[in-house]
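# Understanding the architecture of this molecule
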Amino acid sequence: MKYNPDPRKSRKRQAALTALLSILVLALLTVSPAGAAVSAWEISPENPVLGDTLRIKGTASPEEEIDVTVTFEQKAPVSGGKYEYILEDVEIPEGFDNTFTVRASGVEDLNVRVKILVWITISSEASGGDATVSQSRVPPGTYMIRIDGNAESGASTTDLKITARQRIKADSEGDFSYSYNTKAVPPGDFEIKVGGSTKTISLDSEPARVPTPALPAAQATPAAEPEPEASETREEPQEQEITPEESGEAGNLETHVPGYEAPKPAVPRETGFLLDKSYVLGGIGASVLALIIISKRNGKKGSSKTSPKEQRQPETDDPGK
């Protein structure tokens, strides 16, 4: 006799088994080690500027896998019923697992185009005005990403939400680090989630200017009086009176004292020349001297013929006669 199991009991067992498996899968998905393992993390710089590279450091359980997610939102203008937004220099770092997701609201469809060597396009039709495109295991590199599509009728802008997720691993001591370049992130607020901890970061378009303290009003300082220049006193050469006797030359008043310039004799206004008078006087003096010498010689010759007595008598003859 064969045993025929009750079909109703079999269906109940299968339903119970399916429910048990579903609970186990849900528990595994809910308790994520990457979200629960991070104990602390920090980011630098604290006030980043567009183009800065963010550096994230923290601690977790040794050898633990950690998800780092960067999310920002952007409005894309609509023109002619179409929208478009371009991300340049999007860096995908090396990692064993990464995901790039774009969600558009207020659209009819969504196209995400990535240029590697040629344009690669992933498209999605909207449902209820929302469309999502997601791509995992993107090869590391720097990409240009173009987001476009058809907007809903009457829309002037569309809302884009862009999420980049990277899974990293802590070292044997539980330390981990991650770098993210902000070239493709628009200025404004964006979120960074490390494990289960989320922080909002404000990205500036340019460095904040530190206000320069106002300088006190300049006080007019009196101009310094110029110091009197030291006058160079020159010692005037003292005039030295030298008499003809001291110089040894009668009638010569010129001196050889350094710095002394003998005054030029005034030219007499009398008729005739001084040189001519000198010659005349000299000639007269020479004639008188010659007459005296001749008369003395004649006197000696005459005395030799007279007596000695006559010689003692003084001469009465006038030499000038």
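A brief structural summary. (Residues numbered from 1 in each chain as written. Predicted model: local features only at pLDDT ≥ 70, side-chain atom pairs only at ≥ 80, totals over all residues. Heavy atoms only, no water.)

### With respect to a nonpolar patch on the surface
What counts is decided by this rule: Grouping into patches uses exposed residues only, defined as over 30% relative accessible area, and leaves out salt-bridged ones; the cut-off is 9 Å for like charges and 5 Å for nonpolar side chains (Val, Leu, Ile, Met, Phe, Trp, Tyr). Areas reported as accessible are Shrake-Rupley estimates using a 1.4 Å probe. Residue values count occlusion only from the protein chains shown. Between Lys or Arg on one side and Asp or Glu on the other, a salt bridge is scored when a side-chain nitrogen of the former is within 4 Å of a carboxyl oxygen of the latter. What counts as a helix is a DSSP run of H or I of at least four residues, what counts as a strand is a run of E of at least two, and both are numbered from the N terminus.
A surface patch of nonpolar side chains, about 440 Å² in accessible area, is lined by Ile116, Leu117, Val118 and Ile120. Along the chain, Val118 falls in the loop between strand S6 (109-115) and strand S7 (119-125).

### Looking at the sheet that holds strand S11 (residues 175-181)
Note the following rule: By the convention used here, strands pair only if DSSP detects at least 2 bridges between them. Helix axes are fitted to C-alpha atoms over the stretch in contact, other axes to C-alpha atoms as well, and angles between N-to-C directions run from 0 to 180 degrees.
Here we have three strands laid out as an open sheet, ordered S1-S2-S11, and antiparallel in their pairing. At either margin of the open sheet sits one strand with a lone partner, and together these are strand S1 (40-44) and S11. This sheet shows a mean twist of 15 degrees between the axes of neighbouring strands, independent of strand direction.

### Quick notes on unusual backbone geometry
With an omega of -5 degrees, the peptide bond between Ser44 and Pro45 qualifies as cis. Looking at the element boundaries, Pro45 is found in the loop between S1 and strand S2 (53-59).

### Notes on the pattern of salt bridges
Note the following rule: Burial classification: accessible surface area is computed with a 1.4 Å probe over protein chains only, and a residue below 20% of its type maximum counts as buried, one above 50% as exposed, and the rest as partly exposed.
Counted by the stated rule, this structure contains 10 salt bridges. Between Asp67 and Arg167 there is a salt bridge, with its nearest N and O atoms 2.7 Å apart. Of the two residues, Asp67 is situated in strand S3 (residues 65-79) and Arg167 in strand S10 (residues 157-169); the sequence distance between them amounts to 100 residues. On the accessibility criterion, Arg167 (22% relative accessible area) is partly exposed. Residue Asp159 pairs with Lys75 through a salt bridge whose shortest N-O separation is 2.7 Å. In this pair, Asp159 is assigned in strand S10 and Lys75 in strand S3, connecting sequence segments 84 residues apart.

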